[in-house]
Amino acid sequence: MNRFLSCLLGGALLAPAAFGAPPAAPVAPVAPASVAAAPADPAAGIREVEAAVRAWAVAWSARDVARYLAAYAPDFAPLRGQDRKAWEADRRARIEDKAVINVGIDSLVISVQGQSATATFQQSYSADKLREKGRKTLELQRVGNRWLIRKESAG
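Here the residue index of a chain counts from 1 through its sequence in written order. Since the coordinates come from a predicted model, pLDDT governs what is reported: local features require at least 70, and pairs of side-chain atoms require 80 or more to be given and counted, while whole-chain, interface and lining totals use all residues. By convention in this description, side-chain values take in all heavy atoms of the structure and omit both hydrogens and water.

Engineer: Looking at this structure, I do not really get helix 3 (residues 84-96). What am I missing?
Structural biologist: Turn by turn, an α-helix covers 3.6 residues, leaving residues three or four places apart pointing in a common direction. By definition, any uninterrupted DSSP run of H or I lasting at least four residues is a helix, any uninterrupted run of E lasting at least two residues is a strand, and each is numbered from the N terminus. The length a helix should cover is 1.5 Å for every residue beyond the first. A rise of 1.5 Å per residue sets the reference length of helix 3, with its 13 residues, at 18 Å; its end C-alpha atoms lie 18 Å apart and thus fit the reference within 8%. Residue exposure (1.4 Å probe, protein chains only): buried if accessible area is under 20% of the type maximum, exposed if over 50%, otherwise partly exposed. Where helix 3 is concerned, the buried positions are Arg84, Trp87, Arg91 and Ile95. When helix 3 is viewed along its axis, its buried side chains cluster within an angular range of 60° and face the same direction. The backbone nitrogen of lysine 85 has a side-chain oxygen 3.3 Å away, supplied by the residue at the start of helix 3, namely aspartate 83. The directions considered for the arc are those from the helix axis to the C-beta atoms. Side-chain atoms alone can form a polar contact between residues adjacent in sequence; in general such a contact is a pair of N or O atoms within 3.5 Å, and within protein one must be able to donate a hydrogen while the other accepts it.

Right, dumping it as structure tokens:
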């Protein structure tokens, strides 16, 4: 069975990612590098982005703050004008404060255009007594051999 159903729309390759895919293996953080060439096979780019998104969710669920923060590009700009250091301190406190976190991804759709990608999905988040579900969009950039989050939005 083909894991990806792809179509070419407006120059962007779109693919719904497989929900039941196993989580990606942990990825060690790397220092920022120059932007690398996109894979020659467009489906490979989609698989790489899917792996990056799922690794981010697994790190968050594992409360592994170092891996979670390493999923964000050096030029990631937090919402609401917060500076990066304050955002990282806030994220660290919110993650470490929880006894249990579960982040689920459903209906993942990935669009890749060269060195940029967009991942849109239904996110299920639960931590201690809190439960939330909503749409999330991550904009990613290929940096070196990794896809890193440059921007995120909910709703």
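Engineer: Would you take a moment to explain unusual backbone geometry for this structure?
Structural biologist: Trans is the common state for peptide bonds, and a negative phi is the common state for residues other than glycine. Positive phi, close to 55°, is recorded for serine 107, a residue that is not glycine. Inspection of the secondary structure puts serine 107 in strand 3 (residues 101-113). Judged by relative accessible area, serine 107 falls into the partly exposed class, the value being 42%. Phi is positive for aspartate 128, which is not a glycine, with a value near 50°. As for its placement among the helices and strands, aspartate 128 is situated in the loop between strand 4 (116-127) and strand 5 (130-143).

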